[in-house]
Every structure is written in structure tokens, then in C-alpha cells.
Amino acid sequence: MRWRRPATLAVLPLLVCPLAACGGGEGSGPVSINWYNFPDDSGALQQAADRCSRASGGGYRIVYRKLPRAADGQRQQLVRRLAAEDDSIDILGLDVTWAPEFAEAGWIREWTGRAKQQATEGTLDVPLQTATWKGKLYAVPYNTNTQLLWYRKDLVPTPPTTWAEMLDMARRLAQEGKPHYVEIQGAQYEGLTVWFNTLISSAGGSILNPDATAPSLGPPAVRAAGVMRDLAHSPAADPSLSNQMEDQNRLAMESGSAAFELNYPFVYPSMKANNPQLFKNFRWAPYPRVDADRPSRPTIGGIDLAISAYSRHPDPAFRAALCLRDRENQLTAATVGGLPPTLRALYDDPSFVKQYPFAKEVLDALQMASVRPQTPAYQNVSIVISHALSPPSAIKPESTVATMKGQIDDALQSKGVIP
């Protein structure tokens, strides 16, 4: 049923005017491709839309439509529009956890043939996983993100490689009366789920089984929960841990009260601008390991571009999406907007490396990264996890994981789109 409407609409213009004379329902000229994405203050997304519109040679004009700033608000607007079969949406900027839900609901189109080949060629493997559901590609990775360990070299000459080492260093700094907090996302929201997913993946486990039909958890989950509890009960814990998100972590580090910070690369230009003196000793390192003999597997973020099942212009929408995430536009998004690219070759580009002196560490992290559980019920699963682990100081590893397991099993039984 969902596929009949676009097909019918596509035929109507042929009955009233020659194809070359038909525009996007707004008079003559190029068709309008509406791109709904997160609000970008840097101007990089608008630059990409303008650049691709010009490059189309009159084939289409991309109109950048800004979604709400919060991820929940973005998803809510897209869900409501797509549930109403709104044909004014062409390209959707999806959070990396949404593709399974939107694909299962029949709201986004599969990428096939030449478009799929162009979408996957030269693209990092882990970001592609976020755009894939049941072995089919439903989006093209537009940008990605991952966390690093940021630290003060004047306090920590050699960065820790494990969580245990980091907590030991923080205790020693506390005993010496020096800044010692480890800043991380401990509030009851998606960031807490990301923290847990990173730790369980780094411990060799996963939240769900391979086919996403049941919780996995087990000893790695207990190990991960134990790390979170250990931080919460150590001098390393910021007193505001249970209320902190990424931006509060950034501000705490810039204020000089912390020695370590687990956060995304946006903190680097912010520190440079807001505290130049402290910036001189601001350094980065790989995300700490849970166990010394296992690599860390930080969870990736980012945005994937999908094509609406109800778009009246699917062919130009596919072409436009590929243009929006091409080399030139990803480089602009990275150097102007601070968004790590998904094209592997850009990590060797001198202009990118100049802006991202930590490009190698970001690339290494992305190549070993983990993804959050891929399931149409992800929203419910994430809510269960963040509730079970909040506040981190109340975690009892074995019993908390046991409770979480039962609740995740219930969450997976939800059908269709999560409200």
C-alpha cells in the first residue's frame, strides 16, 4: 500500500505536460528536494545543499529543512510526518539508531544497484552497519562520531590505557589536592546507554544477540556495570555525575576541575576558544580499555541519509543524497562543522588532518567501534538501559544486569514504531 501512492503521483505530470517542462509542483524549473536534518549552526549543511543544487545543472534544488535541536524532537517530527505519508519529505537525516525502525515501518527506501555501489564505495565499514537492516542498505552514512579520552598533560604526563589505571591516577591526584575528576555522561538519557554499550562491547559482549531477538548481556555486562559503579564510588566521580551530559562534561573540563574527559571531538575547538591557557596542556588518547588484553570499542554516533518511501522525486533524491555526502561536502562538514567523515580517504587528507590533529586516533576508534543495538525497538531498549543504570552510584552489577535483562526482553516484544 505504501508504495502505490508515490508511483501514482509520479505518473500524473506526464498527463498534463512534457517531462522536460515539469518542475517540482512549484512551477517550471528544477524539482525541489526537501532535506530534513539536524540544525547546523556552522553553515556546512547549507553550503552542501547549495553546492549540490548548482552541481545538478538544473536537475534539482535542495531545500535544507531544519529539524528540532534535540534528537528526540527530530525523531518525533519525522515519525509524525511519515506516519501521515507526507510526500513533501525527500531526504531524511537519521540518527544512527533509527534505520531499523524506519525500514521496518516501510518509511524509507532500500539502496540498490548503482546508488548502493556509490554509497558503499570507500565508506568505513562500521558506519555502514548503522545504515543496514536485515542485510539491506537503507541509508548512506553522512557523518560519524566517536569518543576519545581527553586529558591534561600537566597533570597526567602519560595517559592511562585502562579504566583501572585512570581511576588510580584520579585517586592519586585527589590525594595531592589537584584536579582529578573523570568527566563522562552519567545522566539518565541516551549518553548513559552509550557509555554502557561501549563498556560491554569493550569487555567482549553485546546488549542483544546477533539477530536482535533477545538480550545477550552475561558476564561482559556485569563487568561493564562494575566499571560504572567503581567510577561512581571513587574520588574520580564528579559530584554532578548523575546529571551530566556531554556539554556539562565539556564545561567542567574547561573550568579546570577535571583531569580526564570522555567525549567527542567538539571539545577540542571549544577548549581552544574558551580556555587558551588550559588548551596548551589539552591532549587526547584512545578510549580506555576495560581489560588490558582487549581493545576498547567506543560507540559511534552520526547521521545517515535515507530516502522517504513517499518522496515524489526518489531518483533525484538518491542523487542529491550522494552529492551531499561526497568528498568535498564531507571535508567541509569536518573542517567547518566538526563532524568526522565516513569516507576513509579523507583521514589522509592534509586539510582535514590540519583541523583534526587527532584524526589518526579517531580513525582507529572508528575502525574498532561498536554500534548500538540494531532493532526497531531500540528506543524502548535504550530507555530500559538508562533507567536501570541511573544513578550510576546505585548500580549493583549482578542484580542490576539481571533486572535489565528481563526488561530488555519485554522491550523487544513491542511491535511496529515505538511511540
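The coordinates are above.
These remarks concern the structure in this document. Just so we're clear, the structure is a prediction, and the values are computed from it rather than from any experiment.

**A closer look at the environment of G59**
Locating G59 in the fold gives a position in the loop between α2 (44–55) and β2 (60–66). Those residues within four positions of G59 in sequence are excluded, and the remaining contacts are P30 and V31.

**Side note on the state of the cysteines**
Here the structure, examined in full by the defined rule, presents one disulfide. Here C52 engages in a disulfide with C323; their sulfurs sit 2.1 Å apart. On the sign convention where negative is left-handed, the bridge of C52 and C323, at about -95 degrees about the S-S bond, is left-handed. Of this pair, C52 sits in helix α2 while C323 sits in helix α13 (residues 314–324), and the two are 271 residues apart along the sequence. You'll find C52 and C323 in the same group, each marked buried.

**Here we look at the pattern of salt bridges**
This structure, assessed with the given rule, holds 16 salt bridges. A salt bridge links D154 to R152, with the shortest nitrogen-to-oxygen separation between them at 2.8 Å. A relative accessible area of 10% places R152 in the buried class. Salt-bridge contacts for R250 lead to D247; the nearest nitrogen and oxygen are separated by 2.7 Å. Residue R250 and its partner D247 are both found in helix α10 (residues 246–255); the two are separated by three residues, about one turn of the helix. Note on R250: relative accessible area 12%, which makes it buried.

Thresholds, definitions, all that
Residues numbered from 1 in each chain as written. Predicted model: local features only at pLDDT ≥ 70, side-chain atom pairs only at ≥ 80, totals over all residues. Heavy atoms only, no water. Helix = DSSP H or I, 4+ residues; strand = E, 2+ residues; numbered from the N terminus. Contact = heavy atoms within 4.5 Å. Disulfide = S-S within 2.5 Å. Buried < 20%, exposed > 50% of the residue type's maximum accessible area, 1.4 Å probe, protein only. Salt bridge = Lys/Arg side-chain N within 4 Å of Asp/Glu carboxyl O.

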